[in-house]
Amino acid sequence: MLKSLARKTSTTGTSYLTLRGLASESAPDRKVAILGAAGGIGQPLSLLMKLNPLVSRLALYDIAGTPGVSADVSHINTRSEVLGFAGEEQLGKALEGADVVIIPAGVPRKPGMTRDDLFNINAGIVTSLCTAIAKYCPHALINMISNPVNSTVPIASEVFKKAGTYDEKRLFGVTTLDVVRAKTFYAGKAKVNVADVNVPVVGGHAGITILPLFSQATPNGNLASEEIEALTKRTQDGGTEVVEAKAGKGSATLSMAYAGAIFADACLKGLNGVPDVVECSFVQSTVTDLPFFASKVRLGKYGVEEVLGLGPLSDYEKQGLEALKPELKSSIEKGIKYANAN
């Protein structure tokens with residue numbers, strides 16, 4: 001039954017959420033820690049991970065608020081044991097023995113803010129959390145959600161290098177929300193079943209660095225070039241669309257939690273040896289001349305099994321690729337510079 005579930009989830013976005021009651025007796029024990037579990041993304045993400053039958057222990061950490069979140073989530077009648085941890089003195093206990101660590105911690109975007117505006121606050125948070133990860137669970141798979149991902153992933157890599165624990169196969173920037181949006185917007189425009197849609201999204205995780213490859217989308221919607229350009233722009237501006245719609249009261253939290261749960265589920269399947277689990281992610285890469293880049297990644301027992309190439313690009317996508325490189329390069333260098341200065 002787990003294998004049939006894997007076939008439904010790999011790269012399609014169909015998830016365990018549609019298959020509650022799945023037998024989990026054969027699944028190995030897996031601990032997942034969520035850092036920032038009491039926040040806008042963290043709470044719904046905690047709920048979604050509690051529903052995942054591959055999770056046996058769920059550790060919820062935040063600087064405050066986690067006793068209430070963990071008590072609430074723990075009443076749900078699914079496999080995992082839930083434990084809440086609050087305050088820096090409990091961070092080590094939250095992390096010990098974790099197989100996957102998901103980091104949605106940090107401040108959200110507000111109207112007028114770019115992901116880069118978040119940098120100074122979130123960079124410090126990510127640095128301290130990754131320092132603890134290096135100490136307490138150096139072999140865990142790290143799912144970085146904290147923005148700006150284009151900088152926080154490089155920051156994490158430098159923290160781990162300084163601690164002597166860096167393994168590029170175990171560090172992921174979660175760009176799944178870009179894929180989720182691209183699939184949704186494409187299905188609506190092409191008038192196809194969204195459950196059947198697959199769209200790779202490459203590059204980074206902010207503005208023009210987000211490059212959906214609609215030329216590779218399946219099923220083929222035969223969309224006009226101006227429709228592809230409009231879909232590309234909407235995918236790139238998806239976060240801003242939500243920030244403005246919430247009118248100062250938050251950013252994309254629910255859809256981000258869903259995307260984070262999808263990617264964490266893929267990581268767990270890879271760890272458990274399920275074959276052909278492929279998702280897009282921002283990882284250390286040689287696909288381009290940039291040190292980090294988002295593309296399709298095959299996940300396995302040790303994290304990244306293979307970073308897949310970009311495949312054939314349309315002329316529009318080739319232009320987009322060249323246009324995004326300077327901004328992505330700058331964001332990566334900003335993260336590395338910050339880490340080395342701190």
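All figures in this text were calculated on a predicted structure; none of them were measured in a lab. Sequence positions are assigned chain by chain, starting from 1 and proceeding in written order. In view of the model being predicted, local features appear only for residues whose pLDDT reaches at least 70, and side-chain atom pairs are presented and counted only at 80 or more, with totals across whole chains, interfaces and linings using the full set of residues. Calculated side-chain values reflect all of the structure's heavy atoms, with hydrogen atoms and water omitted.

What follows deals with the packing of aromatic side chains. Note on aromatic pairs: the rings of Phe, Tyr and Trp (six-membered ring only in Trp) are paired at centre separations within 6.5 Å, and the planes decide the class, stacked below 30 degrees, edge-to-face beyond 60, tilted for the rest. This structure, assessed with the given rule, holds four aromatic pairs. Measuring from ring centre to ring centre gives 5.5 Å for F119 and Y338, while their planes differ by 90°; the resulting arrangement is edge-to-face. With a gap of 219 residues between them, F119 in helix α5 (residues 119–136) and Y338 in helix α11 (residues 315–341) connect regions that are remote in the sequence. Note on accessibility: F119 and Y338 belong to one class, buried. Here, over-ring charges are defined by two tests on the NZ atom of lysine or the CZ atom of arginine: distance to the ring centre within 6 Å, and angle to the ring normal within 35 degrees. Directly above the ring of F185 sits R234, whose terminal nitrogen or CZ lies 3.8 Å from the centroid. For helices the rule is a DSSP run of H or I covering at least 4 residues; for strands it is a run of E covering at least 2, with both sets numbered from the N terminus onward. Three labels apply to residues, based on accessible area from a 1.4 Å probe with only protein chains included: buried if under 20% of the type maximum, exposed if over 50%, partly exposed otherwise in between.

The subject of this paragraph is the UniProt feature "domain: Lactate/malate dehydrogenase C-terminal" (unreviewed entry) in the protein chain. UniProt positions are given in the numbering used here, feature names are shortened, and annotations may be inferred rather than shown by experiment. In the UniProt entry, the feature "domain: Lactate/malate dehydrogenase C-terminal" (unreviewed entry) is given for residues 175–337. The distance separating the terminal C-alpha atoms of residues 175–337 is 23 Å; by composition the span is 47% helix and 17% strand.

This next bit is on the layout of surface pockets. The rolling of a water-molecule-sized probe over the atoms marks out the regions of remaining empty space. Cavities and pockets were defined on a 1 Å grid built over protein atoms only: a cavity is a set of grid points that admits a 1.4 Å probe from which the probe cannot escape, a pocket is an open set flanked by protein on both sides within 12 Å along at least five of seven lines, and lining residues are those with an atom within 4 Å of any such point. Grid points are joined across faces, edges and corners, and a volume is the space filled by probe spheres set on the points. Of the volumes computed, that of the largest pocket is approximately 670 Å³. Looking at the largest pocket, it is lined by 39 residues, and the ones nearest its centre are P104, A105, G106, V107 and S146. Secondary structure elements with two or more residues in the lining of the largest pocket: β2 (57–62), α5, α7 (176–190) and α9 (238–245). For the lining of the largest pocket, the element with the highest residue contribution is α5, accounting for five residues.

Bringing the state of the cysteines into the picture now. Any two cysteine sulfur atoms lying within 2.5 Å of each other are counted as a disulfide. Taken as a whole, this structure holds zero disulfides when the rule is applied. This cysteine, C137, is not joined by any disulfide, and C130 carries the nearest cysteine sulfur, 9.7 Å off. For C137, a relative accessible area of 5% corresponds to the buried category. Left without a disulfide partner, C267 is nearest to the cysteine sulfur of C280, which lies 13 Å away.

Tracing the chain through its elements places K325 in helix α11. By relative accessible area, which is 16% here, K325 ends up buried. Each C-alpha atom of the pair K325 and G203 lies 8.1 Å from the other, and the pair is 122 residues apart in sequence. Look past the residues within four positions of K325 in its chain and what remains in contact with it is T288, D289 and L290. What makes two residues a contact is simply this: any of their non-hydrogen atoms within 4.5 Å.

Turning our attention to the pattern of salt bridges. Pairing is possible between side chains of opposite charge, provided their charged atoms come close. Within this document, salt bridges are pairs made up of a side-chain nitrogen of Lys or Arg and a carboxyl oxygen of Asp or Glu, the two lying within 4 Å of each other. For the coordinates displayed, the defined rule picks out 12 salt bridges. Taking the shortest distance from any N to any O, the salt bridge between R30 and D99 comes out at 3.3 Å. Highlighted residues: R30 in the loop between α1 (2–9) and β1 (31–35) and D99 in the loop between α4 (91–95) and β4 (100–103), separated in sequence by 69 residues. Ionic pairing is found between R298 and E306, a salt bridge with its closest N-O pair at 2.4 Å. Through salt bridges with shared partners, a single network forms among D276, R298 and E306.

Our focus in this paragraph is the side chain of S331. With respect to the helices, strands and loops of the structure, S331 is situated in helix α11. Classification of S331 as buried rests on a relative accessible area of 11%. When residues no more than four places from it in sequence are discounted, the contact partners of S331 are N150 and S151.

In this section: unusual backbone geometry. Most peptide bonds take the trans configuration, and most residues that are not glycine carry a negative phi. Residue P148 is reached from N147 by a cis peptide bond, and omega for that bond is -5°. Within the secondary structure layout, P148 lies in the loop between β5 (141–144) and α6 (149–163). Residue P219 follows T218 across a cis peptide bond; omega there is -10°. One non-glycine residue, N222, adopts positive backbone phi at about 50°. Take N222: it is sitting in the loop between β8 (210–212) and α8 (225–236).

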